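As a plain string of letters, each chain reads:
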Amino acid sequence: MNILLVGSGGREHALAWKLKQSPRLSKLFIAPGNPGTAALGENLPIAASDALGLLDAAREKNIDLTIIGPDDSLALGIVDLFQAAGLRIFGPTAAGARLETSKSFAKEFMKRHGIPTADACVFSEASQAYAYLEKASYPLVIKADGLALGKGVVIAHNKQEAQEAVRQSMELEIFGASGKVIVIEEYLSGVECSLHALIDGDRALLFPDARDHKRALDGDNGLNTGGMGTISPSMILTPAIKEELERSIITPFLRGLQADGLKFQGMLFPGMMITSQGPKVLEFNCRFGDPETQVLMRRLKSDLLDLLEATIDGRLASMEPIWERRPAVCVILASGGYPGPIEKGKIIHGIDAAAACDPDIIIFHAGTVQEGDQYYTAGGRVLGVTAMGETLREARDKVYRAVDLITFEGKQYRRDIGQT
Ligand code: AMP
Ligand code: GLY
């Protein structure tokens with residue numbers, strides 16, 4: 001089969017690495033890809049947002065299956081476009097992806113179908129939001145309705161912070177159209193976790209659990225980022241909690257799709273809080289997580305292509321993927337300043353040496369560019385260094401030995417990934 005994979009992050013490098021192992025793969029194209037994916041297939045210079053460009057490429061290269069990585073490509077309706085053209089594609093349509101692209105839509109869906117989540121109100125008028133804040137109790141959480149690169153959530157500890165968040169989002173429009181509508185919700189305390197589940201419309205296939213470390217600095221300090229590192233398994237989700245998540249979140253989610261006539265084929269990746277009253281959904285993502293995918297792909301032993309095709313064809317009930325028992329760890333190396341403004345173009349040394357230091361190390365590229373034999377930084381999250389080990393401790397030791405061998409000016413990473 002000829003495959004077109006859309007995206008350019010560590011997630012896409014990890015997916016490409018796994019797809020490359022499929023005996024059914026003929027040619028792999030990645031649009032636009034990165035230097036890591038270039039070593040596995042052919043990168044095409046087409047943006048992940050260029051729907052028509054991607055459609056043309058799929059026709060020209062005789063693509064049998066297109067796989068969408070990023071959320072914004074889903075939001076643009078690329079899946080709808082491909083389906084209308086009669087081309088096979090993995091991912092929900094724009095209507096399904098609204099569960100991620102509109103937090104108010106997701107809230108209403110959850111309310112309608114009894115999926116536990118934080119109590120919330122939706123506002124499209126700033127004056128009404130300010131009036132609500134006068135009577136509210138704190139802390140509470142203010143969220144831009146649309147996609148905001150993971151930066152659209154503010155935990156307001158008092159009225160002043162909440163007013164400022166409303167002003168920035170609704171009046172100053174710092175998130176553009178994404179923040180003109182906001183959701184104000186109850187603050188939940190507990191342990192955060194997430195789940196990946198392939199959804200074929202009426203069945204779910206749960207992946208092993210993985211845990212992200214979202215804050216920039218050690219000890220969960222600093223700003224929220226796209227994710228600074230992951231472990232799988234999460235060491236949080238006991239079989240009992242996983243069963244509870246399936247019963248209280250995944251099953252009503254599937255019933256909700258049926259009841260609403262909402263088509264959803266792709267990856268569901270809910271972020272959740274395990275509270276004293278049980279698990280509650282913080283958000284739905286409708287795609288593979290990054291860097292969660294980097295550890296999940298390291299642990300997947302079965303053919304990813306089989307799983308993605310079974311999702312599209314409604315055959316998930318017959319799939320029983322095999323997962324590596326050993327834990328996996330991923331540490332993200334980010335540019336100095338991330339998640340704020342960063343400087344690009346720093347020379348990266350030591351990738352090959354780090355990759356060669358242990359057979360259990362694989363390095364996934366995210367924000368890099370290559371000129372000749374030399375790699376340079378080109379984004380906030382630069383590389384994902386992954387390792388596996390007999391124990392989490394062993395995987396951690398290996399990953400940090402490799403991390404130490406890679407250098408670039410401003411290199412920033414967390415030293416406590418997997419230190420449970
Ligand atoms: P989201 O993009 O909705 O997952 O929010 C980003 C982060 O904000 C989450 O990973 C949580 O750490 C935090 N968060 C979101 N909603 C809440 C909430 N209702 N209560 C407490 N923390 C939250
Ligand atoms: N790692 C969080 C995300 O992909 O949204």
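Residue positions are counted from 1 within each chain, in the order its sequence is given. Labels are handed out in written order, letters beginning with A for the chains and numbers beginning with 1 for the ligands. Where totals are concerned, whole chains, interfaces and linings use all residues; where local detail is concerned, this predicted model gives features only for residues with pLDDT of at least 70, and gives and counts side-chain atom pairs only at 80 or more. Excluded from the side-chain calculation are hydrogens and water; included are all heavy atoms of the structure.

The local shell around ligand 1 holds 16 residues, among which Glu185, Glu186, Leu188, Glu192 and Glu283 are the closest. In the environment of ligand 1, an oxygen atom lies 3.0 Å from a nitrogen or oxygen atom belonging to the side chain of lysine 143. Within 3.5 Å is the distance limit for a polar contact, defined as a pair of N or O atoms, with the added protein rule that one can donate a hydrogen and the other accept it, and that residues adjacent in sequence qualify only through two side-chain atoms. In this structure, lysine 214 approaches ligand 1 through a side-chain N or O atom, which is 3.2 Å from an oxygen atom. Considering ligand 1 on its own, with 470 Å² of exposed area, one finds that the protein chains cover 91% of that surface. Mapped by element, the contributors of at least two residues to the shell around ligand 1 are β7 (140–144), β8 (153–156), β9 (182–186) and β18 (278–285). Note on definitions. A residue lies near a molecule or strand when any single heavy atom of the residue is within 4 Å of it. The method behind every accessible area is Shrake-Rupley, applied with a 1.4 Å probe, and residues are considered shielded solely by the protein chains displayed. Helix and strand definitions here come from DSSP, where helices need a minimum of 4 consecutive H or I residues and strands a minimum of 2 consecutive E residues; each element is numbered from the N-terminal end.

What follows covers the site of ligand 2. Taken together, Asp212, Gly226, Phe269, Arg287, Gly289, Asp290, Pro291 and Glu292 form the complete shell of residues around ligand 2. Here aspartate 212 contributes a side-chain N or O atom positioned 2.8 Å from a nitrogen atom of ligand 2. Protein burial of ligand 2: of its 200 Å² of free accessible surface, 88% is covered by the chains. Three categories are distinguished: nonpolar for Ala, Val, Leu, Ile, Met, Phe, Trp, Tyr, Cys and Pro, charged for Asp, Glu, Lys and Arg, and polar for the others, with Gly belonging to the last. Of the residues assigned to the shell around ligand 2, the class counts are two nonpolar, two polar and four charged.

A word on the pattern of salt bridges. Should their charged atoms come close, side chains of opposite charge can pair. For this analysis, a salt bridge means a side-chain nitrogen from Lys or Arg found within 4 Å of a carboxyl oxygen belonging to Asp or Glu. With the rule as written, the count across this model stands at 27 salt bridges. Here arginine 326 and aspartate 360 are joined by a salt bridge, their closest N and O atoms 3.0 Å apart. Here arginine 326, found in the loop between α12 (304–313) and β19 (328–334), pairs with aspartate 360, found in the loop between α13 (351–356) and β21 (361–365); they are 34 residues apart in sequence, far enough to count as distant. The same class applies to arginine 326 as to aspartate 360, namely buried. We note a salt bridge from lysine 398 to aspartate 360, for which the minimum N-O separation is 2.6 Å. A residue pair is termed long-range when its members are at least 10 positions apart, and lysine 398 in helix α14 (residues 392–405) and aspartate 360 in the loop between α13 and β21 qualify at 38 residues. Residues lysine 398 and aspartate 360 agree in their burial class; the two are buried. Where salt bridges share partners, they join Arg24, Arg88, Asp306, Glu309, Asp313 and Arg315 into one cluster. Exposure is judged per residue with a 1.4 Å probe applied to protein chains only, and the accessible area is read against the type maximum: over 50% gives exposed, under 20% gives buried, and values in between give partly exposed.

Here we come to the sheet that holds strand β22 (residues 368–371). Pairing between strands is defined by DSSP: at least two bridges between the two strands are required. Read from one edge of the open sheet, three strands run β20-β23-β22, paired in antiparallel fashion. Here the strands that pair on one side only, and so sit at the sheet edges, are β20 (347–348) and β22. Bridging between β20 and strand β23 (residues 374–377) involves two bridges; their strand directions are antiparallel. Within β23, the residue paired with isoleucine 348 across the bridge is tyrosine 375.

Burial runs high along strand β17 (residues 266–275): 10 of the 10 residues are buried. Where strand β10 (residues 191–194) lies against β17, four bridges are found, and the strand directions are antiparallel. Along β17, the bridge assignment pairs glutamate 192 with methionine 273. For strand β11 (residues 197–199) and β17, the ladder comprises three bridges, and the chain directions are antiparallel.

Another point: the packing of aromatic side chains. Two rings belonging to Phe, Tyr or Trp (six-membered ring only in the last case) form a pair when the distance between their centres is within 6.5 Å. Interplanar angles under 30 degrees mark stacking, angles over 60 mark edge-to-face geometry, and anything in between is tilted. One pass over the structure, following the stated rule, counts nine aromatic pairs. Judged by centre distance (5.8 Å) and plane angle (70°), the rings of tryptophan 17 and phenylalanine 364 are edge-to-face. On the criterion of sequence distance, the pair formed by tryptophan 17 in helix α1 (residues 10–19) and phenylalanine 364 in strand β21 is long-range, its members being 347 residues apart. One aromatic cluster is present, built from ring pairs that chain together Phe90, Phe207, Phe288 and Trp323. Criterion for a charge above a ring: Arg CZ or Lys NZ at most 6 Å from the ring centre, at most 35 degrees from the ring normal. Above the face of the tyrosine 413 ring, arginine 415 is positioned so that its terminal group lies 4.6 Å from the ring centre.

Let us now look at the nonpolar core. We define a nonpolar core as any set of buried Ala, Val, Leu, Ile, Met, Phe, Trp, Tyr and Cys residues linked to one another through side-chain atoms lying within 4.5 Å. Within the largest apolar cluster, 39 residues are counted, with the highest numbers of intra-cluster contacts made by Ile3, Leu198, Phe207 and Met297. Of all elements in the fold, only β1 (3–7), α1, β2 (28–32), β4 (65–68), α11 (292–299), α12 and β19 reach the threshold of two or more residues within this core. Here the element with the most residues in this core is α12; it accounts for six residues. Any two residues whose heavy atoms approach within 4.5 Å at even a single point are treated as in contact. If sequence neighbours within four positions are ignored, phenylalanine 207 has contacts with His196, Leu198, Lys242, Met267, Phe288, Leu296, Met297 and Trp323. Counting 27 residues, the second-largest nonpolar core is a separate cluster that includes Phe105, Met110, Leu262 and Val281.

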